[in-house]
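The chain contents come next:
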Amino acid sequence: FWFAMVERDVQLIEAGQGAAVIRAAMPRWNTLLGDTFERQAREHLIRLVARGDLPDDMIVGRWWTHRPRQIEIDAVGLRRNSWALMAEAKWNDRFTRTDFNQLLRSRDALHQ
């Protein structure tokens, strides 16, 4: 948190411009939390594999590509070189129909 959010603006904060720094930093904050939340979701799936709640031969990771368009799937589970699980981790209050449709489009792109 310190290096990603505070250190670069510490002089501005100390000069009394904390409110402006917070407003300017919100995109970085959301990215930092989103990345952290996605990593925690993958680590949770890895724990489920270790505990036996998911198949012991499942490999958990993330997947992305830029061709033919940018697609990112926050958590995937592979078994015997095939897709067995895919998930979207959202740093948000809710998972919307739009989010679900995007996940389906990503899934469909995997099979092209």
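Residues numbered from 1 in each chain as written. Predicted model: local features only at pLDDT ≥ 70, side-chain atom pairs only at ≥ 80, totals over all residues. Heavy atoms only, no water.

> Before we move on, could you go through the pattern of salt bridges and cite the residues and values that matter?
Per the stated rule, a full pass over the model turns up seven salt bridges. The residue Asp57 makes a salt bridge to Arg79 at a minimum N-O spacing of 2.7 Å. Here Arg79 lies in strand S2 (residues 71-79) and Asp57 lies in the loop between helix H3 (18-51) and strand S1 (59-65), a separation of 22 residues in the sequence. The partly exposed category is assigned to Asp57, whose relative accessible area is 27%. You can call Arg79 partly exposed: its relative accessible area is 23%. A network of salt bridges, in which partner residues are shared, links Asp57, Arg79 and Arg80. (Salt bridge = Lys/Arg side-chain N within 4 Å of Asp/Glu carboxyl O. Helix = DSSP H or I, 4+ residues; strand = E, 2+ residues; numbered from the N terminus. Buried < 20%, exposed > 50% of the residue type's maximum accessible area, 1.4 Å probe, protein only.)

> So what about helix H4 (residues 97-110)? Which residues, and what values?
With 14 residues, H4 extends 20 Å from end C-alpha to end C-alpha; this agrees with the ideal 20 Å at 1.5 Å per step. If you check which residues of H4 are buried, you get Asp99, Leu103, Ser106, Ala109 and Leu110. What you see down the axis of H4 is that its buried residues fit within an arc of 120°, all on one side. The exposed set on the far side of H4, more than 90 degrees from its buried face, consists of Arg97 and Thr98. The inward-facing, buried residues of H4 abut S1, S2 and strand S3 (82-87). (Expected span 1.5 Å × (residues − 1). Arc of directions from axis to C-beta. Contact = heavy atoms within 4.5 Å.)

> Report on the nonpolar core, specifying residues and quantitative values.
Within soluble globular proteins, side chains that are nonpolar tend to cluster in buried spots. Judged by nonpolar contacts, Leu45, Leu48, Val49, Leu54, Met58, Val60, Ala75 and Leu85 together constitute the single largest core of eight residues. Those residues in contact with Leu54 that sit more than four places away from it in its chain are Leu45, Leu48, Val49 and Leu85. Among the nonpolar cores identified, the runner-up in size contains five residues, and Ile71, Val76, Ala109 and Leu110 belong to it. (Core = buried A, V, L, I, M, F, W, Y, C linked by side-chain atoms within 4.5 Å.)

> Explain the packing of aromatic side chains to me, and be specific about the residues and the numbers.
Within this structure, the stated rule accounts for one aromatic pair. On the basis of an interplanar angle of 85° and a centroid distance of 5.6 Å, the ring pair of Trp63 and Trp83 is categorised as edge-to-face. Of this pair, Trp63 sits in strand S1 while Trp83 sits in strand S3, placing them 20 residues apart in sequence. Above the face of the Trp64 ring, Arg62 is positioned so that its terminal group lies 4.5 Å from the ring centre. (Phe/Tyr/Trp six-rings, centres within 6.5 Å; stacked < 30°, edge-to-face > 60°. Lys NZ or Arg CZ within 6 Å of the ring centre and 35° of its normal.)

> Tell me about unusual backbone geometry, residues and numbers included.
One non-glycine residue, Arg80, lies in the positive phi region at around 50°. Position of Arg80 relative to the elements: it lies in the loop between S2 and S3.

> How would you sum up the side chain of Arg42? Please name residues and give values.
Structurally, Arg42 can be placed in helix H3. Residues contacting Arg42, with those up to four places away along its chain left out, are Val60, Gly61, Arg62, Asp74 and Ala75.

> Describe the sheet that holds S2, with residues and values.
With antiparallel pairing, three strands are arranged side by side in an open sheet as S1-S2-S3. What marks the edges here is a single partner per strand, and that holds for S1 and S3. Averaged over all neighbouring strand pairs, the angle between strand axes comes to 40°, with direction disregarded. In this structure, S2 lies alongside S3, joined through five bridges in antiparallel fashion. Bridging across to S3, Leu78 finds its partner in Trp83. Sitting on the sheet, H3 touches S1, S2 and S3, and the angle it makes with S1 is about 145°. Strands in contact with H4 are S1, S2 and S3; relative to S3, the strand with the most contacts, it is inclined by about 165°. (Pairing = 2+ DSSP bridges. Axes fitted to C-alpha atoms, helices over the stretch in contact; angles between N-to-C directions.)

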